Each structure stands twice: as C-alpha cells, then as structure tokens.
Amino acid sequence: RGQVDMSTMMKMVPKTRSEMIQLYHHNISQQLPYVVGHKDNNYTHWLEHDEASSETSYQIKPKKGYEPYFIAHRPSLPKYWEGFRGFGLDKQSFVAQVVLEGFSFRVLLGFYMVHLYHAGSIHNDERERNVNEWHTNFKSYLKKQYPDPAPNQKRFFHIPSLPDSTR
C-alpha cells in the first residue's frame, strides 16, 4: 500500500459491474479484508448473478459484527449514538440499532462499491480506548433504548471486539 494520489486511484476504479467482476476474478479487487463485517452480503450470489434475470436484489440476515455501506431513508433511521469518538465500531453499532428498529437489508445486484485504502485516522492506543468506551457504554445504551428486543435481535446485544488485524 504505497502512497498513490487520489486521481491515480480513481483511474483504477472499474466503470461497470462487468469490469468489477473481471478484476475480482483476476485477483485485482477483493472483498473488504474484515470478512466478519461483510460476509453476510453473500458475494458469491452477487458475483454469479445472471444479468438477464429479473432479480434486482436479495435479502440478507445480518449477524453481529455486520458493517455494510448501505442506503436508507434517513428520516426513518434511528438517531446515531453520540458516544463515539474517533474511529472504530461505528458502523457495526449503527447497524445493530437499525436491526433493532426492525429494518431489513437487501443487496442490490446491479451495483457495487469501491473502498480506496487510506491511512488510519487515529493512533492504535486511542482506538483501543474507543473500543473500551464502546464496550462499556454502548451495550448499556442499547439495553435502555431497546428493553425488550425480539428473540432474533438479541444477538446484537453481544458486543463484538475489533479483530486483531485492525488493532
């Protein structure tokens, strides 16, 4: 991951879904490295989708640790927990709230997203403090906001930790 300027990186971004799939099959693009956070997307289904099919999306059942990039009607979403400082676990936590509010997730078959690597925003010691604060405070927040979750939502009350590769 050497330093590459943004204009050079943007030239490398595939313009079509077909180009993205070719890059994937040639090991030039890959699933995001934090597999737990993205495996629920079922990339195999997305990659093998026949574009002649009338299917436009498929539903998934997110598990704890899921952290997708997603599109939603903003006024319908729960308020973002303000206890976050810096970097880490914000998407996982917000998705937990969204699921507890009763939203479902679908993967759009005709679309893809590219994440360009960048330097981390904070030092690892600060990130560790953020994780500890998150563990201490966010679980209490969830229990207060959602005192009686449905049985299939209780998995989001088990607060995961960051994988070692991101510490």
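Residues numbered from 1 in each chain as written. Predicted model: local features only at pLDDT ≥ 70, side-chain atom pairs only at ≥ 80, totals over all residues. Heavy atoms only, no water.

### Considerations on the side chain of S57
Which entries qualify depends on this criterion: The helix and strand labels rest on DSSP assignments: H or I over at least four residues marks a helix, E over at least two residues marks a strand, and numbering proceeds from the N terminus. Burial classes follow relative accessibility: with a 1.4 Å probe on protein chains only, a residue under 20% of its type's maximum area counts as buried, one over 50% as exposed, and anything between as partly exposed. Whenever two N or O atoms come within 3.5 Å, that pair is a polar contact, provided that in protein one can donate a hydrogen and the other can accept it, and provided that, for residues adjacent in sequence, both atoms are side-chain atoms. Residues count as neighbours in contact if any of their non-hydrogen atoms are within 4.5 Å of one another.
By secondary structure assignment, the location of S57 is in strand β1 (residues 57-60). Relative accessible area serves as the criterion here: at 14%, S57 is assigned to the buried category. Side chain to side chain, S57 and R106 meet in a polar contact 2.8 Å long. For S57, the contacting residues outside a window of four places in its chain are R106, V107, L108 and L109.

### Details of the nonpolar core
Among soluble globular proteins, nonpolar side chains are generally buried collectively. What counts here: Side-chain atoms within 4.5 Å link the members of a nonpolar core, which is a set of buried Ala, Val, Leu, Ile, Met, Phe, Trp, Tyr and Cys residues.
The biggest cluster of nonpolar side chains holds 15 residues, and the ones touching the most others in it are W46, Y58, I60 and F105. Those elements that place two or more of their residues in this core are α2 (17-25), α4 (43-48), β1, α5 (90-100) and β2 (105-108). Per-element tally for this core: the top contributor is α5, with 4 residues. Each residue touching F105, except ones within four places of it in the same chain, is listed here: Y58, Q59, I60, P62, Y66, P68, F70, V95, V98 and V99. Listed in part, the 9 residues of the second largest apolar core include W81, L89, L142 and Y146.

### Let's talk about the environment of L142
Looking at the element boundaries, L142 is found in helix α6 (residues 124-145). Look at L142 and you get buried, because its relative accessible area is 0%. For the pair L142 and A96, spaced 46 residues apart in the sequence, the C-alpha separation amounts to 8.8 Å.

### Here we look at the confidence of the model for the chain
To be explicit about the condition: A score between 0 and 100, pLDDT records how confident the predictor is in each residue.
In this model, the chain carries a mean pLDDT of 77, and residues with pLDDT of at least 70 account for 75%. For residues 159-167, every residue scores under 50 in pLDDT, and the model assigns this stretch 19 contacts once sequence neighbours within four places are set aside.

### Considerations on unusual backbone geometry
The phi dihedral of N27 is positive, around 60°, even though this residue is not glycine. When its relative accessible area of 71% is taken as the criterion, N27 is described as exposed. Phi angles above zero are rare outside glycine, and N42 is one such case at about 55°. For N42, the position within the fold is in the loop between α3 (35-38) and α4.

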